[in-house]
Structure formats: C-alpha cells, structure tokens
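Architecture and fold: a report
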Amino acid sequence: RSQIIKIPVAQKAEVSKPSFQSYNAQVTAKAGLNVRAKPGTTKHCKIIKCLVNGTRITVVDEKKVGLVKWGNISTGGWVCLTYTKKI
C-alpha cells in the first residue's frame, strides 16, 4: 500500500500597497508652474495649464519619473513637486 504525502506549495504573500493620503500644497515657482497631461517633460506630456505662484493645490497621487517626483492634482493634471511645498 502506498502513501500520498502532500507538500504544501509556498504561496506569494500579497503585499498591499498602502493607500495614498492626499495632501495640500502650495506652488513655489515664481514664474508659475506648468500642469501637464502626464508626469514628465517629454513631448507626450503636454502642458494643459499654468498655475501662478502661491496657488494652493491638492495632491491626490504621486509618481516618480527618473529622479523627479510628480503630483497628480485634484483639478486634473500633473505638476513637478520640486516647485511646491506641503501646507
């Protein structure tokens, strides 16, 4: 009579990404800050509007492109977070 031995297979643990906490920020670029359709500065990241210095924004998501961190703002579009400060 033969025995059947069941060996459990290791399963990958699902790593849940912590949910992003939106935050308020203020534009610190004296000449204004371009809002782009996508994060980045390539020709595919068209400028859709410009925010004046001091404008308050709400960042609802972040993405890093190369070494630069971009913020998706609640009114639509992406801004370079180098030219903002959290408030």
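In what follows, the structure referred to is the one given above.
These notes cover the structure that comes with them.

Reading guide: rules and limits
Residues numbered from 1 in each chain as written. Predicted model: local features only at pLDDT ≥ 70, side-chain atom pairs only at ≥ 80, totals over all residues. Heavy atoms only, no water. Helix = DSSP H or I, 4+ residues; strand = E, 2+ residues; numbered from the N terminus. Rg over C-alpha atoms; globule rule 2.2 N^0.38 Å. Buried < 20%, exposed > 50% of the residue type's maximum accessible area, 1.4 Å probe, protein only. Contact = heavy atoms within 4.5 Å. Phe/Tyr/Trp six-rings, centres within 6.5 Å; stacked < 30°, edge-to-face > 60°. Lys NZ or Arg CZ within 6 Å of the ring centre and 35° of its normal. Core = buried A, V, L, I, M, F, W, Y, C linked by side-chain atoms within 4.5 Å. Pairing = 2+ DSSP bridges.

**Examining the overall build of the chain**
Tallying secondary structure elements over the chain gives zero helices and seven strands in all. For the chain, whose C-alpha radius of gyration is 21 Å, the value lies well above the compact-globule estimate of 12 Å for 87 residues. Viewed in the frame of its principal axes, the chain has a C-alpha envelope of about 85 × 30 × 20 Å. Per-residue burial over the chain gives 26% buried out of 87 residues. Sequence-distant contacts in the chain: of pairs separated by 6 or more residues, those separated by 24 or more amount to 53%.

**Structural notes on the packing of aromatic side chains**
Counting across every chain of the model gives one aromatic pair. Each ring, one from Phe20 and one from Tyr23, has its centre 6.2 Å from the other, and the planes form 50 degrees; the classification is tilted. In this structure, Lys86 is placed above the aromatic ring of Tyr23, and the distance from its NZ or CZ to the ring centre is 4.4 Å.

**Observations regarding the nonpolar core**
Core analysis: the largest hydrophobic core is formed by twelve residues, namely Tyr23, Ala25, Val27, Ala29, Leu33, Val35, Leu51, Ile57, Val59, Ile73, Val79 and Leu81. Breaking this core down by element, the ones donating at least two residues are β1 (23–27), β2 (33–36) and β4 (56–65). With three residues, the single largest contributor to this core is β1. With residues near it in sequence (within four places) discarded, Val35 still touches Lys46, Ile47, Ile48, Lys49, Leu51, Ile73, Gly76, Gly77, Trp78 and Val79.

**Section: the pairing of strand β5 (residues 68–73)**
One ladder, built from six bridges, connects β4 with β5; its direction is antiparallel. Considered in β5, the bridge of Lys63 is made with Trp70. Connecting β4 to the next strand, β5, in antiparallel fashion are two residues, including Gly66 with a positive phi near 65 degrees. As consecutive antiparallel partners, β5 and strand β6 (residues 78–80) are separated by four residues, and within that stretch Gly76 has a phi angle of approximately 105 degrees, a positive value.

**Some points on the environment of Lys43**
Position of Lys43 among the secondary structure elements: in the loop between β2 and β3 (47–51). Taking the C-alpha atoms as reference points, Lys43 and Lys30, separated by 13 residues in sequence, lie 24 Å from one another.

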